[in-house]
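The residues making up each chain are set out below.
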Amino acid sequence: MEPHVPVETVAAARALAEQKKIDVVVAMGGGSAMGAGKGVVSGAGRSLIAIPTTYAGSEMTPVFGTTDRAEGRKSVRRDDAVLPRLAIYDPEVTVDLSPELTASTGINALAHCVEACYARDVNPLVPPVALEGIRRIVRSLPLCITDGRNLDAREDLLTGAYLAGFSIGNATMALHHGLCHVLGGRTGVAHGVLNTIMLPHIMRFNADAVPDAMGAIADAMGADTPDPPPQGGREISRMEFSASDAVAALVASLPVPQRLRDAGVAEGLLESVAAEAAGHSTVQANPKPVSEASVRELLRAAW
Ligand SMILES: [Fe+2]
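Residues numbered from 1 in each chain as written. Predicted model: local features only at pLDDT ≥ 70, side-chain atom pairs only at ≥ 80, totals over all residues. Heavy atoms only, no water.

Trainee: Describe the coordination of the iron ion, and please don't skip the residues or the numbers.
Mentor: The iron ion binds to the protein through N108 (OD1), H112 (NE2), H177 (NE2) and H191 (NE2), with metal-donor distances spanning 2.1 to 2.3 Å. Coordination geometry of the iron ion: the four donor atoms subtend angles of 81 to 167 degrees at the metal centre, consistent with an arrangement described as irregular. Taking the relative accessible area as the measure of exposure, H177 reaches 1% and is therefore buried. (Donors = N, O, S within 2.8 Å, 3.2 Å for Na, K, Ca; no water. Tetrahedral: all angles 85-135°; square planar, octahedral: opposite > 155°, others 65-115°. Buried < 20%, exposed > 50% of the residue type's maximum accessible area, 1.4 Å probe, protein only.)

Laid out in structure tokens, this is it:
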């Protein structure tokens, strides 16, 4: 399964499902395998069973994206009929996930919790679930990277990803996911890697608009976050440690690209990505108004 769910892959799988008169589809894998499974059942009266092997959380959402690679465009749709009828969480199937994929898909799960905490339409049921997801992800992710065979940590992280998927499935995505979707469609860089690079920048941008949510996120990240890196040569105390600092410190400790340039994104793409993202409805659902200039600045900072 290629990243970002190419439309032709879905079309081929749908044709096979029609030819064989398939009524139940089992998707096993990461976010792209889930997305392809959803593409096969959408509008076809089929049911989906999901067995996630990463922390993307797609098995808990009715959302799926497909990518037209010729146009470099990822379109994300919501269809309640694609929500899996059954999701099976088995930490045994995640023990061989590499440290890199553990880190990047784990931060994607963290981003689901973060965006759900300050979503414009936030349902009071969601933040407590999202904050519990954050606690589990932050304490278990470093353990899973040090020892991928630590089943207790793998189960804790998978449970965090489940809570994260529930949270984002019940909230409107905002700037972070909108921008990551445009970047993914244009560059083909994996969704988890883009999440890892962009999340601290987006949180810094949104911080003044949603101070209560950011305070709750910082508390949930709490003691399990690595020590804050010095800022501008100055040591900062934990008391001053904001939610975005905490995420930046966690990301800096992980085996993933830290900048868009390290992930192979060409500088020349930034202008057109900013223009497309600024008009994107998901980006415009952000709790703080987003201009094309601010998207450009965010991309520059992350490049
Ligand atoms: Fe995501």
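Still more ground to cover, so stick around.
Trainee: Help me get a handle on helix α3 (residues 99–117), residues and values and all.
Mentor: The terminal C-alpha atoms of α3, which comprises 19 residues, lie 27 Å apart, in line with the 27 Å expected from a rise of 1.5 Å per residue. The buried fraction of α3 is high, at 16 of 19 residues. (Helix = DSSP H or I, 4+ residues; strand = E, 2+ residues; numbered from the N terminus. Expected span 1.5 Å × (residues − 1).)

Trainee: Account for the sheet that holds strand β2 (residues 47–52), naming residues and giving values.
Mentor: Pairing is parallel across the open sheet formed by three strands, whose spatial order is β1-β2-β5. Of all strands in the sheet, those bounded by a partner on one side alone are β1 (24–29) and β5 (86–87). Here six bridges tie β1 to β2, and the two strands are oriented parallel to one another. Opposite G29, over in β2, you have P52 as the bridge partner. Relative to the sheet, helix α2 (residues 31–41) contacts β1 and β2, its axis offset from that of β1 by approximately 165 degrees. (Pairing = 2+ DSSP bridges. Contact = heavy atoms within 4.5 Å. Axes fitted to C-alpha atoms, helices over the stretch in contact; angles between N-to-C directions.)

Trainee: Can you explain unusual backbone geometry? Please cite residues and give values.
Mentor: If you check the backbone angles, H4 has positive phi at about 70 degrees while not being a glycine. Overall, H4 belongs to the buried group, its relative accessible area being 5%. For K21, which is not glycine, the phi torsion reads 50 degrees and is therefore positive. On the secondary structure map, K21 appears in the loop between α1 (7–19) and β1. On the basis of relative accessible area, K21 is assigned to the exposed category, the value being 72%.

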